[in-house]
Each structure stands twice: as C-alpha cells, then as structure tokens.
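Structural description and commentary
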Amino acid sequence: MLTLTENATLVIKSITGVEGAPDGAGVRISQENPADPALAVTTTEAPQPGDQVVEEAGARVFLEQNAANALDDKILDAAVDDKGGVEFLLVPQPGPGNGAVPTP
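Everything in this summary refers to the structure shown in the same document. (Residues numbered from 1 in each chain as written. Predicted model: local features only at pLDDT ≥ 70, side-chain atom pairs only at ≥ 80, totals over all residues. Heavy atoms only, no water.)

Below, the discussion takes up the nonpolar core. With 16 residues, the main nonpolar core has L2, L4, I29, V61, L63 and L76 as its most contacted residues. Of all the elements in the fold, those that place two or more residues in this core are α1 (6-16), β2 (26-30), β5 (59-63), α2 (65-70) and β6 (74-80). Apart from residues no more than four positions distant in its own chain, L2 is found in contact with V54, V61, L63, L71, D72, K74, I75, L76, L90 and Q93. (Core = buried A, V, L, I, M, F, W, Y, C linked by side-chain atoms within 4.5 Å. Buried < 20%, exposed > 50% of the residue type's maximum accessible area, 1.4 Å probe, protein only. Helix = DSSP H or I, 4+ residues; strand = E, 2+ residues; numbered from the N terminus. Contact = heavy atoms within 4.5 Å.)

This part takes up the sheet that holds strand β1 (residues 3-4). Spatially, β1-β6-β7 is the arrangement adopted by the three strands of the open sheet, whose pairing is mixed. At either margin of the open sheet sits one strand with a lone partner, and together these are β1 and β7 (86-92). Inspection of the sheet shows β6 paired to β7 by seven bridges, in the antiparallel sense. Note that in β7 the partner of V80 across the bridge is V86. Each of β1, β6 and β7 touches α1; the most contacted strand, β6, lies at about 60 degrees to it. (Pairing = 2+ DSSP bridges. Axes fitted to C-alpha atoms, helices over the stretch in contact; angles between N-to-C directions.)

Moving on to the environment of T16. Inspection of the secondary structure assignment puts T16 in helix α1. If sequence neighbours within four positions are ignored, T16 has contacts with A21, A25, G26 and V27. Polar side-chain contacts of T16 include one of 2.8 Å to the backbone oxygen of I12. (Polar contact = N/O pair within 3.5 Å; in protein donor to acceptor, adjacent residues only side chain to side chain.)

The backbone of A57 shows a phi angle near 50 degrees, a positive value even though the residue is not glycine. Checked against the element boundaries, A57 lands in the loop between β4 (52-56) and β5. Overall, A57 belongs to the exposed group, its relative accessible area being 56%.

Tallied over the full model, the rule gives three salt bridges. Salt-bridge contacts for E55 lead to R60; the nearest nitrogen and oxygen are separated by 3.5 Å. Residue classification places R60 among the buried residues on the basis of a relative accessible area of 18%. The salt bridge partner of D73 is K74, with a shortest N-O separation of 2.8 Å. Residue D73 is classed as partly exposed on the basis of its relative accessible area, which comes to 28%. (Salt bridge = Lys/Arg side-chain N within 4 Å of Asp/Glu carboxyl O.)

Given below as structure tokens:
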C-alpha cells in the first residue's frame, strides 16, 4: 500500500486544510490508462466510489483503482519550491520486491 512521508503529509494537509474546505477533503491520484505511467493529482472533497483511501496523520489520499495498483509499492513524498509550487515525488518502498536488500 502507498505510504506517505512526513513532508507529503504536511503538504497534503496544507493543501486540503484551507479555510472553507470540507473536513474529509484530500488529494486524489488517478491513472486513466494502466499502460500509460502518467498520473493525475487533484484535490477533492471526498473519495469517489472504488477509491482506496490512505490516511496518515490527518492527510488523506484517494487512489483510483489503476493508480492504487501502480503505487502499491511506492512512497509518496512532496516538496514546495521557492514560488510555492508543490511537487510530488514517488520512490520505491524498501523491500525484497524492489531491488532493496531486506534488513534483518
């Protein structure tokens, strides 16, 4: 399952916690075509039917089914640039399936 870094959690909470946003708001990640690696990231008030919900420290991420499958072994990180733009980064989770050596 997708996991979030502390930075991603803070950035998502700042994006979805703006004044007037509903309590259940989150970031939705979708992938239109499983053969195409492109992902779309949008803010939304609630998950859509069939979305997988990842919640960590109050940050909510809704994963459309194709995106959930593609990101199952990933870590979501985020950074804010000098102009206030947000950049999301995906990195593999450590583990035997990702080329990393498991720690005993």
